[in-house]
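Observations on the model geometry
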Amino acid sequence: MDIIGSGILTGILHAISQSLLIPVIIILILFVIFALISVGGLIAEYTSRKKFKLEESESLIRSLNSLNNTNQMKEAIKESDINEEYKLAMIKVINNEDFGTETKRAFADKIIEEEELRMEKAVEKTDMVVRLGPTFGLMGTLIPMGPGLAALGAGNIELLAQAIIIAFDTTVTGLAASAVSYVVSKLRKRWYEEDLSNFEVLINSTLEILEKNKL
């Protein structure tokens, strides 16, 4: 009875594992397509990326520090050469000049936090492919090896060869998608860390100027 029960259970496990092969292959193909699209997006982002110049920000901060009117500060920000995202965030801080000191600080921190979350979300998908690519590649390797080894025992070399080819192809595909996604994530994270550092400087400087001039 135990033998029959274990036979049923192992049969169920075998059916489940074999039914996963096609979905795993489809997912790996989607990973590769996504990795290639991410490379295209990375190139497009690099070509359109505006290089941050410390001198521009320093000049803008000095200019804002000499102004005593929030409207003049907004105009100075709009006419500056910094990124549009930086301009909108700085103006958003200035628009809350009627808030208390602690509220201004909390609001500024929230703006920085939202920018950080936006940057993390931009690399979230490629990070998932980095982690899941090898996992699905390994699944694609192991699933066909069961029938392949069974075929070897039955003397069916052709079926074994087919199983090995599938195993190798899925492994390579998973690793390739993971490697490409890793490079994309690594480059974007480096850019975004630099952007976030510059963003924090501008936001905190704007807040300090408002507090200093009691605006």
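Residues numbered from 1 in each chain as written. Predicted model: local features only at pLDDT ≥ 70, side-chain atom pairs only at ≥ 80, totals over all residues. Heavy atoms only, no water.

1. Examining a negative patch on the surface
There is a patch of like negative charges on the surface, built from E113, E114, E116, E120, E124 and E200. With four residues, helix α6 (residues 101-122) is the largest single contributor of residues to the negative patch. With a relative accessible area of 34%, E116 lands in the partly exposed category. (Patch = residues over 30% accessible without salt bridge, like charges linked within 9 Å, V, L, I, M, F, W, Y side chains within 5 Å. Areas by Shrake-Rupley, 256 points an atom, 1.4 Å probe, with all protein chains shown as cover. Salt bridge = Lys/Arg side-chain N within 4 Å of Asp/Glu carboxyl O. Lys, Arg positive; Asp, Glu negative; His and termini not counted. Charge placed at Lys NZ, Arg CZ, Asp CG, Glu CD. Helix = DSSP H or I, 4+ residues; strand = E, 2+ residues; numbered from the N terminus. Buried < 20%, exposed > 50% of the residue type's maximum accessible area, 1.4 Å probe, protein only.)

2. What about the packing of aromatic side chains?
Overall, the coordinates contain three aromatic pairs when judged by the stated rule. On the numbers, 5.8 Å between centres and 85° between planes, the contact of F31 with F136 is edge-to-face. With a gap of 105 residues between them, F31 in helix α2 (residues 21-48) and F136 in helix α7 (residues 124-153) connect regions that are remote in the sequence. Accessibility classification places F31 together with F136 in one group, the buried group. (Phe/Tyr/Trp six-rings, centres within 6.5 Å; stacked < 30°, edge-to-face > 60°.)

3. Some details on the pattern of salt bridges
Taken as a whole, this structure holds six salt bridges when the rule is applied. Close ionic contact of K87 with E84 constitutes a salt bridge, the shortest N to O distance being 3.3 Å. Here K87 and its partner E84 are both found in helix α5 (residues 84-94), three residues apart, which amounts to about one turn of the helix. Take K87: its relative accessible area is 8%, and that puts it in the buried class. A salt bridge links D109 to R105; the nearest nitrogen and oxygen atoms lie 3.8 Å apart. Here the residue D109 and the residue R105 both occupy positions in helix α6, the gap between them amounting to four residues, near one helical turn.

4. Let's talk about the packing of α5 against helix α8 (residues 157-212)
One way to put it is that α5 packs onto α8 with a least axis distance of 10 Å and a crossing angle of 25°. Classified by the angle between their axes, α5 and α8 sit roughly parallel to one another. The interaxial crossing formed by α5 with α8 has right-handed handedness. For the pair α5 and α8, the contacting residues are E85, Y86, A89, M90, V93 and I94 in the first and D195, N198, F199, L202, I203, T206, L207 and L210 in the second. (Axes fitted to C-alpha atoms, helices over the stretch in contact; angles between N-to-C directions. Parallel < 35°, antiparallel > 145°, perpendicular 65-115°, else oblique. Left-handed = near helix turned anticlockwise from the far one by under 90°. Contact = heavy atoms within 4.5 Å.)

5. Section: the confidence of the model for the chain
For any part of a model where pLDDT is low, the fine detail of the predicted coordinates should not be relied upon. The predicted model of the chain averages 85 in pLDDT, with 95% of residues at 70 or higher. Averaged pLDDT values for the elements of the chain fall to 73 in helix α1 (residues 2-19) and rise to 93 in α2. (pLDDT = per-residue confidence, 0-100.)

6. Regarding the nonpolar core
The nonpolar side chains of soluble globular proteins are, as a tendency, buried together. In this structure, L64, M73, I77, M90, F199 and I203 are the most contacted members of the largest nonpolar core, which totals 29 residues. Among the elements of the structure, α3 (54-65), α4 (70-78), α5, α6 and α8 are those that each provide at least two residues to this core. In terms of residue count, α8 provides more of this core than any other element does, 10 residues in total. Within the second largest apolar cluster, eight residues are counted, among which are L21, V24, L28 and A177. (Core = buried A, V, L, I, M, F, W, Y, C linked by side-chain atoms within 4.5 Å.)

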